[in-house]
Structures are given as structure tokens and as C-alpha cells.
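What follows is each chain in one-letter form.
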Amino acid sequence: GRLAGFDPAAVLGLYSGATTNTPSFGAGSQTLSLLPGISSGRLALPALAYAVTYPTAIAGIIGSLLLLQRISRVDPAREAAELEEKSRRKSEPLERRTLVLSNPNLAGLPLGKIPGRTEARVTISRVRHGHETYVATDDRVVQQGDELAVIGTGAGLEQFERVVGHRSDVDLILSESNLTSRRVVVTDRHVLGKTVGELALDKRFGVAVTRVSRAGIEMSAVPDLPLQYGDMVQVVGVPEDLERAGDALGNSLKELDETHFIPLFAGILLGIVVGTLPIAFARLPQPVRLGLAGGPLVVALLLGRVGHIGRLVWHMPANTSLAFREFGIALFFAAVGLNAGDVFFATVFSSTGLGWLLAGVCVTVIPLLSVGCFARFILKMNFTDLSGLVAGSMTDPPALAFAATVSRSDAPAVAYATVYPLTMVLRIVCAQILAIVFVK
């Protein structure tokens, strides 16, 4: 701004537009309006500069990704496959194995007393004694020669096998019996936060809880695992017992798809309170605030981690979340357009507008290429992670969609979501600091 002689008020919009960060524009504009002696003409400059630089910034982000791909000479699809394989090695998938109890020291013990289950993080779903197959409840007494259907990671199964006996090629799931399995979704408020062991579904309903799926990740249903809203629990038993266990956990797909408005607006209200709290910095004449975007974001992260407080559950269906986001963005851009529309075209094709455009390209591209090259060539970062990092550092959903399309994978979303919250807060705070320090 100083090099080009731009009005510092316009620099606020240029900064937000070139980084495609809408909340920072709102925070900077709000701070600008609170400063003394700012004319109405200068108050309109951030919206103009934002509207001029935003579309070019989106093209600049995507162009930077393409240039990084060309410089790195990578195949994005192959890099995504390598990242997926690496992630698979880190999170070992669950396996099912039939073990024969041949350790004489364990004969006559109930399953709940067999040592090593907790340490190996395994669960047992079925027990076959002779020609009969039973549900593996904790009070089920086992004898030498019994066959156990055990679920866990490869390493956990190996560890438990050394305790129990030896492996069998028989698959108890395929053996003839009246037992079946069912997936049940956790929606009952009284269940949330309780562990599998505390629920004692085996004692109450005669079923075995074997797996829990959460956010696409399968976990062994060990006794100390707490359940969250929306968890998918796999239970084994006879149909009537499975029905009763499902009722105890909730198992309401309709409720899972409902939007809980009271927790939503309670969270928004708390976020507004946090966003309006002043944060003082040394040598700044005015405090900064997280604003109406940063406050709810920080509160949402905390509430999402907590999951629920009493009967208030912070859960939003994906389709509702997408609808709210799209509707909010549409309203915002409509407001920006109305504020800047009367002089927008005259500004874009003026020397001032072209100067803003060129400066915006520099603000967008130079940091992305610098950090991108450092991450790729010095840190040896996988290009799939790098593309998500670039999109997240600009809080830009179109760039994320482009990165996912190029890599033919949803993996960039992980890096995007990791850097997005911190980037958002920093953008909001920096916009206010720019307004307080440089606008006179």
C-alpha cells in the first residue's frame, strides 16, 4: 500500500480480497467505521478493493497450485495414492480372526476374566462350544477347545493369540446359528459420554458390542471407549435382543438428520459474546476483537470437541451445514455488491483499480509460491497435503474443490481443515491491526 500510494482504507479490502477471506473484510471494515474522522467515501473503499481483488485471487490460488505442480513435476493422483497408503499404515484397519482356546489356564474362566483383552484392544463377538454358537458376553464361561471370533488390529490379534492359543481357518460368522449382527446409530442423549463398559449391553440385553465407526474410522469397541452422538455401533446377538439394544442406544436415523436449532443458536450466541470481547495488545490504541466470524469459529471448535453438554448436542447434518454456508456466502456477496456496485465498474477500469488488481495478484501469488516451494523441496511435503495447505491458508473452498479434483481424492481436505481455523483467526486480527495502525 505504501509503495503504490494506496489509501490505507483501500488496503484493508485489498488484503481481504487477495486472501479470499471474507470475515477479515468484515472485521477490518467494522474497525474502520469506529475510527474518528473517517469520511463516508473512505468507508466505501474496502468494499471496492475487496470486490476488485477477490475474483483474481481465486484464479491466482488455482494458478499457483498448477505452477507448483508443474515445478514439482508430480502426478497428483499418484501422490494421493501414496498418501493414502501411508495413512493406512498409520491407522491399522480392524480384522476378524477365529482363535481356538488351547491355553489350559483359561479353561473355566468367563470371557470378562481372560487376561490381555484390554491391553491388545480386541473384542470378542461369538463363542462356539461344540456345535453351538453363543454371543460372547463377559459372563460366558469358555472351555478348552472353544472357538472365539475376535476383532482387532493385526498387532492386537497377534498379541491376544499368544495368550489364548492358536488360530483357526474357520469363520464363525459364516457358521450356521441364530446370531446376526446389526449396525446401530447412537442418538439417545443418556448414552453420550458413557463408555462401552459402563453401558453393559451384554449384561442388559445379551448382545456383544464389537466395533464403533466414527467419522469413517473403525475402532474396536473396548470397554473404555466413550460413545459420541452419531457413532455407528456394531452389535451381535439374536434379532429380538438387537432390537432392544438398538432402542437403548437411540438408533434414530431421522433424529440424526434433524438440525438441532437450540444448541446451534446457543453456540452462535456464545460465539458472538466471545467475538465482541476486546483483546488488548501493547502499543495499540484500540483493542482488537475476534468479530462475528472468529468468535463463533473458536466457540464451534471447542463445542465440537466437547460434543454435548447435558441434553444439548452440537451436531449438524452435512446437508444443513452446506445449505447454511452457501446461503450465508450468497447474502454476504449480495451486500458487498450493493455497497460497491454504484462505482465498481468505473473503479475497475481506472488506473487505481488496475493498481489494486496488480497488487492483489502479488499478495496472493508471492506468499503461496514461496511457502509452496519451501514445503515441497525443503520439507518434502506430499503434493496432496500441500494443495490442501495452500487452499486452507487462503480459506478458499473453490481452491479446495480444485485440489480434490486434480488429486482425485478427498485427502486435501485434511490439511485444509487443519490450517483453516488458525488462518481465519490470524486474518481477522491482522485486518484490525492494519486498520488501527495505518489508517489515519
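Values in this document were obtained by computation on a predicted structure and should not be read as measured data.

Basis of the calculations
- Residues numbered from 1 in each chain as written.
- Predicted model: local features only at pLDDT ≥ 70, side-chain atom pairs only at ≥ 80, totals over all residues.
- Heavy atoms only, no water.
- 1 Å grid on protein atoms, 1.4 Å probe; cavity = no way out; pocket = protein on both sides within 12 Å on 5 of 7 lines; lining within 4 Å.
- Points joined across faces, edges and corners; volume = space filled by probe spheres on them.
- Helix = DSSP H or I, 4+ residues; strand = E, 2+ residues; numbered from the N terminus.
- Nonpolar A, V, L, I, M, F, W, Y, C, P; charged D, E, K, R; others polar.
- Core = buried A, V, L, I, M, F, W, Y, C linked by side-chain atoms within 4.5 Å.
- Buried < 20%, exposed > 50% of the residue type's maximum accessible area, 1.4 Å probe, protein only.
- Contact = heavy atoms within 4.5 Å.
- Polar contact = N/O pair within 3.5 Å; in protein donor to acceptor, adjacent residues only side chain to side chain.
- Phe/Tyr/Trp six-rings, centres within 6.5 Å; stacked < 30°, edge-to-face > 60°.
- pLDDT = per-residue confidence, 0-100.
- Salt bridge = Lys/Arg side-chain N within 4 Å of Asp/Glu carboxyl O.
- Pairing = 2+ DSSP bridges.
- Axes fitted to C-alpha atoms, helices over the stretch in contact; angles between N-to-C directions.

Asks: Please provide a residue-by-residue account of the layout of surface pockets, values included.
Replies: Estimates place the volume of the largest pocket at around 2,400 Å³. Taken together, 50 residues form the lining of the largest pocket, with Leu297, Ala300, Ser321, Arg325 and Tyr420 sitting closest to its centre. At the level of secondary structure, the elements contributing two or more residues to the lining of the largest pocket comprise α2 (22–34), α12 (261–276), α13 (291–306), α14 (318–348), α17 (397–407) and α18 (412–438). When residues of the lining of the largest pocket are assigned to their parent elements, the largest contribution, 10 residues, is made by α14. Its residues assigned to classes, the lining of the largest pocket shows 33 nonpolar, 14 polar and three charged.

Asks: So what's going on with the nonpolar core? Residues and values would help.
Replies: Generally speaking, soluble globular proteins have nonpolar side chains that are buried together. Of all hydrophobic cores here, the largest spans 25 residues; its most connected members are Leu201, Val209, Leu227, Val233 and Leu249. Contributing elements (two or more residues each) for this core: β6 (180–185), α8 (196–199), α9 (201–205), β7 (208–214), β9 (232–237) and α10 (239–249). Broken down by element, this core gets its largest block of residues, four residues, from α10. In this structure, Val209 is in contact with Thr123, Val196, Leu201, Ala221, Val233, Gln234 and Val235, ignoring residues within four places of it in sequence.

Asks: Lay out the side chain of Arg117 with the relevant residues and their values.
Replies: Note that Arg117 resides in helix α6 (residues 117–120). A distance of 3.0 Å separates the side chain of Arg117 from the backbone oxygen of Leu111, its partner in a polar contact. If we ignore the near neighbours within four places in the chain, the residues touching Arg117 are Leu111, Gly112, Val122, Ile124, Asp138 and Phe160.

Asks: I'd like to hear about the packing of aromatic side chains, residue by residue, with values.
Replies: Centre distance and the angle of the planes are the two values used to describe a pair of aromatic rings. Taken as a whole and assessed by the stated rule, the structure comprises four aromatic pairs. For the pair Phe25 and Tyr50, a centre-to-centre distance of 4.7 Å together with 25 degrees between the ring planes defines the contact as stacked. Placement of Phe25 in helix α2 and of Tyr50 in helix α4 (residues 45–72) is noted, with a sequence separation of 25 residues between them. The same class applies to Phe25 as to Tyr50, namely buried. Ring plane angle 15 degrees and centroid distance 6.0 Å describe the contact between Phe261 and Phe265, whose orientation is recorded as stacked. You can see Phe261 and its partner Phe265 sitting in helix α12, four residues apart, about one turn around the helix. Grouped by ring-pair contacts, the aromatic residues Phe25, Tyr50 and Tyr54 constitute a single cluster.

Asks: Summarise the environment of Arg121; cite the residues concerned and give the values.
Replies: Checked against the element boundaries, Arg121 lands in the loop between α6 and β2 (123–129). Classification of Arg121 as partly exposed rests on a relative accessible area of 38%. Note: C-alpha distance between Arg121 and Ser350 (229 residues apart in sequence) is 67 Å. If we ignore the near neighbours within four places in the chain, the residues touching Arg121 are Ile151, Gly152, Ser220, Val222 and Asp224. A polar contact is formed between the side chain of Arg121 and the side chain of Asp224, at a distance of 3.0 Å.

Asks: Before we move on, could you go through the confidence of the model for the protein and cite the residues and values that matter?
Replies: Averaged over all residues, the pLDDT of the protein is 87; the fraction at 70 or higher stands at 95%. The secondary-structure element of the protein with the lowest mean pLDDT is α14, recorded at 71, while β9 shows the highest, at 94.

Asks: Break down the pattern of salt bridges for me, with residues and values.
Replies: Here the structure, examined in full by the defined rule, presents 18 salt bridges. Between Glu161 and Arg97 there is a salt bridge; the shortest N-O distance is 3.3 Å. Taken together, the residues span a long stretch of sequence, with Glu161 in helix α7 (residues 154–164) and Arg97 in strand β1 (residues 95–101) at a distance of 64 residues. Taken individually, Glu161 and Arg97 each receive the classification buried, so the pair is uniform in this respect. Between Glu158 and Arg167 there is a salt bridge, and its shortest N-O distance comes to 3.0 Å. We classify Glu158 as partly exposed; its relative accessible area is 32%. The structure contains a network of salt bridges with shared partners spanning Glu95, Arg97, Glu158, Glu161 and Arg167.

Asks: Break down the sheet that holds strand β5 (residues 165–168) for me, citing the residues and quoting the values.
Replies: Overall, antiparallel pairing links the five strands, which are arranged β3-β2-β4-β1-β5 in an open sheet. In the strand order of this sheet, the two ends are held by β3 (132–135) and β5, each with one partner. Ignoring strand direction, the axes of neighbouring strands in this sheet form an average angle of 30 degrees. Judged from the four bridges that link them, β1 and β5 form a sheet pairing that is antiparallel. Looking across to β5, one finds that Leu101 is bridged to Gly165.

Asks: Which residues make up the sheet that holds β7, and what are the values?
Replies: With antiparallel pairing, four strands are arranged side by side in an open sheet as β6-β9-β7-β8. What marks the edges here is a single partner per strand, and that holds for β6 and β8 (217–220). With direction set aside, neighbouring strand axes in the sheet form an average angle of 25 degrees. Inspection of the sheet shows β7 paired to β8 by four bridges, in the antiparallel sense. Across the sheet, Arg211 pairs through a bridge with Ser220, a residue of β8. Packed onto the sheet, α10 meets β6 and β9 and runs at close to 10 degrees relative to β6.

Asks: Summarise unusual backbone geometry; cite the residues concerned and give the values.
Replies: Non-glycine residue Thr20 carries a positive phi angle of around 45 degrees. Relative to the helices and strands, Thr20 is located in the loop between α1 (8–18) and α2. Looking at Thr20, the relative accessible area reads 2%, which means it is buried. Of note in the backbone geometry, Thr395 takes a positive phi value of approximately 45 degrees without being a glycine. Following the sequence through the fold, Thr395 ends up in the loop between α16 (383–393) and α17. By relative accessible area, which is 6% here, Thr395 ends up buried.

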